[in-house]
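# Residue-level structure breakdown
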Amino acid sequence: MIMDNSVSDDIPFDKSFDLPPGQVDEVMPGVRRLVAPNPGPFTFTGTVTYIVGRGKVAIIDPGPEHESHIAAVLDAVRGETVTHIFVTHTHRDHSPAVPYVKAATGATVLAEGPHRPARPLHIGETKRLDAGGDQNFRPDRTLADGETVSGDGWALEAVATPGHCANHMAFALHGTDVLFSGDHVMAWATSVVAPPDGAMRDYMQSLFKLRVRPERIYLPGHGPAVRDAPRFVERFIAHREARQAAILHRLAKGETDIPTLVRAIYIGLDPRLVGAASLSVLAHLEDLVASGLVATEGDPSIGGTYRAAAG
Ligand SMILES: [Zn+2]
């Protein structure tokens, strides 16, 4: 999922990605990818499923519960053995195909854990905000940050990267310059950080974590590869810091609400993305309230009013 394009002139997004759904593409030696037919404002051209290795392979993010995509994934590994299924996070465009691929292959499913919100739900906060979560997902094995899983000719290191989703993990491919970055860092748009699944402070910490890692190429959950990744991550950090500064700047003029902040900050926003933008602003406000820079009545909520904290 993604995106907010307003303050983003600063980020050199790459939207050149014309791989048709279901077509297998060898993105680098030993890594194949195929796109699910679920394009949209949050998924770009669709979810990208990766196949790592040859003969005995791992699949990263089997994708949505979409019959033709599941068939295409299984077709792509025909004659091979799928030993592992890795899941970057449990949004519905990434993990619901897991049971089908597992049933067909017997592979072990690995992930950080089941779906969960980044914080306890507030009173009156319902699953409306949480509709994108795959509540049924259960890994066979949970992974700890830094854990390495080895297969036949490949090894993947789990890199806990919460923020977009509490259980988000990226996977570094040993012996290469490549990190499978899921929806945490993508080339085509910024990540949606939407409470209660997402948390801005976690997201920023995860960006700081990637910034100092050695991998230079990211293969994301949507769209093309990220090149010169550490510099790209740097841009994302600056982008969020600018967004936070814009919110504080507006609040310095007086008490206001989230719709007003969204109109002030996201110029020319695609109307389909207003909901996501509102949640992204809420994510910033949650962080700012926790830091004591912003005040509101009760828990920060989508309908609340916000003001700069005194002093
Ligand atoms: Zn996604």
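Residues numbered from 1 in each chain as written. Predicted model: local features only at pLDDT ≥ 70, side-chain atom pairs only at ≥ 80, totals over all residues. Heavy atoms only, no water.

## Examining the sheet that holds strand E12 (residues 217–220)
Across the sheet, five strands lie side by side as E8-E9-E10-E11-E12; this open sheet has mixed pairing. If you trace the sheet from one side to the other, it starts and ends with strand E8 (148–150) and E12, each paired once. For this sheet the average axis-to-axis angle between neighbouring strands, irrespective of direction, equals 25°. Direction of pairing for E8 relative to strand E9 (residues 155–160): antiparallel, over a ladder of three bridges. For Ser150, the partnering residue across the bridge sits in E9 and is Ala155. (Pairing = 2+ DSSP bridges. Helix = DSSP H or I, 4+ residues; strand = E, 2+ residues; numbered from the N terminus. Axes fitted to C-alpha atoms, helices over the stretch in contact; angles between N-to-C directions.)

## Quick look at helix H4 (residues 229–252)
Counting along an α-helix, one turn takes 3.6 residues, and residues three or four places apart therefore face a common direction. For H4, which comprises 24 residues, the first-to-last C-alpha distance of 35 Å matches the rise-based estimate of 34 Å (1.5 Å per residue) to within 8%. Among the residues of H4, those classed as buried are Ala229, Pro230, Phe232, Val233, Phe236, Ile237, His239, Arg240, Arg243, Ile247 and Leu251. Phi for Gly254, located one or two positions after H4, is positive at around 140°. (Expected span 1.5 Å × (residues − 1). Buried < 20%, exposed > 50% of the residue type's maximum accessible area, 1.4 Å probe, protein only.)

## With respect to the pairing of E9
With six of six residues buried, E9 is to be regarded as a mostly interior element. By the alternation rule, side chains of E9 split into Ala155, Glu157 and Val159 and Leu156, Ala158 and Ala160, which are all buried. As consecutive antiparallel partners, E8 and E9 are separated by four residues, and within that stretch Gly153 has a phi angle of approximately 90°, a positive value. Where E9 meets strand E10 (residues 169–173), five bridges bridge the pair, whose relative direction is antiparallel.

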